[in-house]
Amino acid sequence: MSSITPTPSASGAVVWGNPQRETLFEQWFASVQAAQGLDRATLRLASADASFRRYLRVDSAQGSETISRIIMDAPTDKENSQPFVHIAQLMQAAGLTVPEILAWDEANGFLLLSDLGAKTMLQVIDPAAAPPLNLYLQAVDALVQWQLASKEGVLPNYDHALLSRELALFPQWYIGEYRKYTLDADQQKVLDDAFARIVQNNLTWPSVYVHRDFMPRNLMVGTQLGVLDFQDAVYGPI
């Protein structure tokens with residue numbers, strides 16, 4: 001991870017740990033800079049997520065206005081950006097607010113995106129205050145709007161194998177890694193039987209587009225609630 005994750009230097013510049021990746025980036029950046037009005041001097045780290053993807057922010061001159069853009073760095077040997085681009089287009093067609101794909105170097109994994117801002121729904125929820133009901137309702141509206149656009153055969157199926165694999169994260173990471181506990185044969189059977197019933201029940205429901213990580217941390221507050229981190233979306237139980 002450290003070899004691909006940049007950190008800002010004291011001057012604010014982004015430091016790259018992989019010289020070859022930096023060279024590829026500079027070549028791509030130069031190819032889109034003029035057309036997109038990008039100011040190289042403003043390039044800075046935006047964020048990183050729980051993968052090999054990370055994000056930079058850069059200013060862009062749009063006529064008399066200066067706005068910010070997001071650059072996604074997703075090395076192709078570790079991340080496949082095709083689902084992100086495909087699902088962003090699906091969500092945009094459904095009327096949701098998602099990052100617009102402004103430029104994409106598919107061969108090397110660099111994307112230039114519109115910037116939905118830096119404030120997540122999670123950041124505006126104050127535990128000591130009344131819940132922001134308007135934001136929750138916007139989130140529900142966005143989710144329903146996404147579900148109404150659902151079509152079979154467009155996204156991977158949220159099938160028996162995937163549901164089972166996700167349920168298996170509980171005994172692996174919570175019981176085993178976090179609690180340091182080993183289930184005996186009887187306990188394992190109870191868990192296996194419960195998981196089998198859960199999967200069987202889920203698969204009887206109608207299927208829709210499923211975001212799989214739809215939560216306040218991935219919803220951006222703006223004129224309309226923006227949606228992020230949708231690249232793992234599937235078609236499965238509502």
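Just above sits the structure.
Please read these numbers as outputs of a predicted model, since none were measured by experiment. (Residues numbered from 1 in each chain as written. Predicted model: local features only at pLDDT ≥ 70, side-chain atom pairs only at ≥ 80, totals over all residues. Heavy atoms only, no water.)

**Student:** Please provide a residue-by-residue account of the overall build of the chain, values included.
**Tutor:** Looking only at helices and strands, the chain has seven helices and eleven strands in total. Relative to its full complement of 238 residues, the chain shows a buried share of 34%. A sequence separation of at least 24 residues applies to 62% of the contacts in the chain between residues at least 6 apart. Only carbon and sulfur atoms are counted for the fraction: they give 54% of the accessible area of the chain, which is about 13,800 Å². Taken as two groups, the 17 positive and 26 negative side-chain charges of the chain have centres that lie 3 Å from each other. (Helix = DSSP H or I, 4+ residues; strand = E, 2+ residues; numbered from the N terminus. Buried < 20%, exposed > 50% of the residue type's maximum accessible area, 1.4 Å probe, protein only. Contact = heavy atoms within 4.5 Å. Areas by Shrake-Rupley, 256 points an atom, 1.4 Å probe, with all protein chains shown as cover. Lys, Arg positive; Asp, Glu negative; His and termini not counted. Charge placed at Lys NZ, Arg CZ, Asp CG, Glu CD.)

**Student:** How would you sum up the side chain of Ser114? Please name residues and give values.
**Tutor:** Residue position: Ser114 is located in strand S7 (residues 110-114). A distance of 2.7 Å separates a polar side-chain atom of Ser114 from the backbone nitrogen of Glu100. Beyond its immediate stretch of four places on either side in the chain, Ser114 contacts Arg69, Ile70, Val98, Pro99, Glu100 and Leu102. (Polar contact = N/O pair within 3.5 Å; in protein donor to acceptor, adjacent residues only side chain to side chain.)

**Student:** Give a detailed account of the environment of Ile175, specifying residues and quantitative values.
**Tutor:** Along the chain, Ile175 turns up in helix H6 (residues 169-178). Look at Ile175 and you get buried, because its relative accessible area is 11%. Remark: the alpha-carbon pair of Ile175 and Ser81, spanning 94 residues in sequence, is separated by 33 Å. Those residues in contact with Ile175 that lie beyond four places of it in its chain are Phe170, Lys180, Tyr181, Leu183 and Leu191.

**Student:** Can you tell me about the pattern of salt bridges, naming the residues and giving the values?
**Tutor:** On inspection of all chains with the given rule, the structure shows nine salt bridges. Residue Arg40 is joined to Glu26 by a salt bridge in which the shortest nitrogen-to-oxygen separation is 2.6 Å. Of the two residues, Arg40 sits in strand S3 (residues 38-48) while Glu26 sits in helix H1 (residues 19-36), which places them 14 residues apart along the sequence. In this structure, Lys78 engages Asp77 in a salt bridge whose closest nitrogen and oxygen atoms are separated by 3.1 Å. Judged by its relative accessible area of 60%, Asp77 is exposed. Overlapping salt bridges bring together Arg21, Arg54 and Asp73 as one network. (Salt bridge = Lys/Arg side-chain N within 4 Å of Asp/Glu carboxyl O.)

**Student:** Give me the lowdown on the nonpolar core, citing residues and values where you can.
**Tutor:** Ranked by size, the top nonpolar core spans 28 residues in total, and within it Met91, Leu96, Trp146, Leu155 and Phe230 carry the most contacts. Elements that contribute at least two residues to this core include exactly strand S5 (65-73), helix H2 (82-93), S7 and helix H4 (133-148). With six residues, H2 is the single largest residue contributor to this core. Those residues in contact with Leu96 that sit more than four places away from it in its chain are Met91, Ala142, Gln145, Trp146 and Val227. Residues Val14, Val32, Leu43 and Phe110 belong to the second largest nonpolar core, which totals 14 residues. (Core = buried A, V, L, I, M, F, W, Y, C linked by side-chain atoms within 4.5 Å.)

**Student:** How would you summarise a nonpolar patch on the surface if you had to cite specific residues and measurements?
**Tutor:** Together, Leu133, Tyr136 and Leu137 give the surface a local cluster of nonpolar side chains, amounting to about 300 Å² of exposed area. According to the relative accessible area criterion, Tyr136 is partly exposed, its value standing at 35%. (Patch = residues over 30% accessible without salt bridge, like charges linked within 9 Å, V, L, I, M, F, W, Y side chains within 5 Å.)

**Student:** Tell me what's going on with unusual backbone geometry, and back it up with residues and numbers.
**Tutor:** Here the phi dihedral of Arg212 falls at roughly 80°; this positive angle occurs in a residue that is not glycine. Along the chain, the position of Arg212 falls in the loop between strand S8 (207-210) and strand S9 (219-220). With relative accessibility at 33%, the residue Arg212 sits in the partly exposed group. You will see that Asp229, though not glycine, has its phi angle at about 55°, which is positive. Tracing the chain through its elements places Asp229 in the loop between strand S10 (226-227) and strand S11 (234-237).

**Student:** How would you summarise the pairing of strand S6 (residues 101-105) if you had to cite specific residues and measurements?
**Tutor:** Of the strand pairs in this sheet, S6 and S7 are connected by four bridges, and their pairing is antiparallel. Within S7, the position partnered with Ile101 by the bridge is Leu113. In textbook terms, the turn of a hairpin is the stretch between consecutive antiparallel strands, and for S6 and S7 this stretch comprises four residues, one of which, Gly109, has a positive phi near 80°. (Pairing = 2+ DSSP bridges.)

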